[in-house]
Amino acid sequence: MTVETERLLLRRPVEADRNRFVELFTDDEFMVYGARLNIDSANARFDHMLDMSELVAYAKQPIVERASGTIVGYTGVGVISFDGAEYLEWGWRLVPAARGKGLATEAVTALLALADRTDDGKMLCFIEPENAPSRSVADKVGFHWWKHAEWNGDADEPTDVLVRPIGAGGPLLRAPSWQSTGNPSPSVISRT
Ligand SMILES: CC(C)(COP(=O)(O)OP(=O)(O)OC[C@H]1O[C@@H](n2cnc3c(N)ncnc32)[C@H](O)[C@@H]1OP(=O)(O)O)[C@@H](O)C(=O)NCCC(=O)NCCS
């Protein structure tokens, strides 16, 4: 399924996107407020994106700038371990040159509309308290603050937990079963 907006195209990730995402996942500026990945963990993360895209229509996917055809970021859901279970968690990330143009809000709004048509439940989103640009996106697309938490139970790594109803609403949306992919369940997918 492809989602088009005025300036962007969102589509399932494909193997041909691997080099671009490994480049992005190993770039400190792209990954600010996120995990530091090396080549191996970046490849594993891209594998996870491919697997998730087979199971969830609004899984993390490339944000392509229509004018240039360039992948300028991603948005969609990944898996997060939270309170002893695995849940869907929404994330977004843009290359620095694409920030400050309203593109994150445009992409997230469009993909959330697909999620709203697809599922009913409640979506999680984790944002560091000082990450104002990300919190601004969350506010604009309908997430609201739920509670504080700590990454890996570490008081030095606080995070805000936000939620948004999806479709008709309901309980937190759980991660899908991994059995159908033939791949092992990812151990812990932490920061987006
Ligand atoms: C978080 C992140 C994706 C936000 O991207 P962004 O481009 O700043 O987000 P937005 O889409 O909200 O656009 C921001 C600004 O662009 C401006 N803008 C410029 N042209 C615009 C247009 N045509 N339409 C709408 N807004 C426009 C707006 O003023 C908007 O600011 P506002 O919040 O005051 O409305 C980006 O900062 C990022 O990638 N950060 C690093 C990774 C990260 O932190 N990810 C989240 C982890 S939780």
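What you are looking at is a predicted structure, and each value in this text was computed from that prediction instead of being measured.

How each quantity is defined
- Residues numbered from 1 in each chain as written.
- Predicted model: local features only at pLDDT ≥ 70, side-chain atom pairs only at ≥ 80, totals over all residues.
- Helix = DSSP H or I, 4+ residues; strand = E, 2+ residues; numbered from the N terminus.
- Rg over C-alpha atoms; globule rule 2.2 N^0.38 Å.
- Buried ≥ 20, exposed ≤ 12 C-beta atoms within 10 Å, placed from the backbone.
- Contact = placed C-beta atoms within 7 Å.
- Near = placed C-beta within 6 Å.
- Nonpolar A, V, L, I, M, F, W, Y, C, P; charged D, E, K, R; others polar.

**With respect to the overall build of the protein**
Secondary structure assignment for the protein yields four helices and eight strands. What you see for the protein is a C-alpha radius of gyration of 15 Å, in line with the 16 Å of a compact globule of 192 residues. Its C-alpha atoms put the protein at 40 × 35 × 35 Å along the principal axes. Each of the 192 residues in the protein was classed as buried or not, and the buried ones make up 33%. Considering only intrachain contacts with a sequence separation of at least 6, the fraction spanning at least 24 residues in the protein is 63%.

**A short note on the site of the ligand**
Residues in contact with the ligand amount to 19 residues; listed here are only the nearest, Gly102, Ala104, Thr105, Pro133 and Ser134. Breaking the shell around the ligand down by element, the ones donating at least two residues are strand 5 (85-94), helix 3 (103-118) and helix 4 (132-140). Element by element, the count of residues in the shell around the ligand is highest for helix 4, at four residues. Its residues assigned to classes, the shell around the ligand comprises nine nonpolar, seven polar and three charged.

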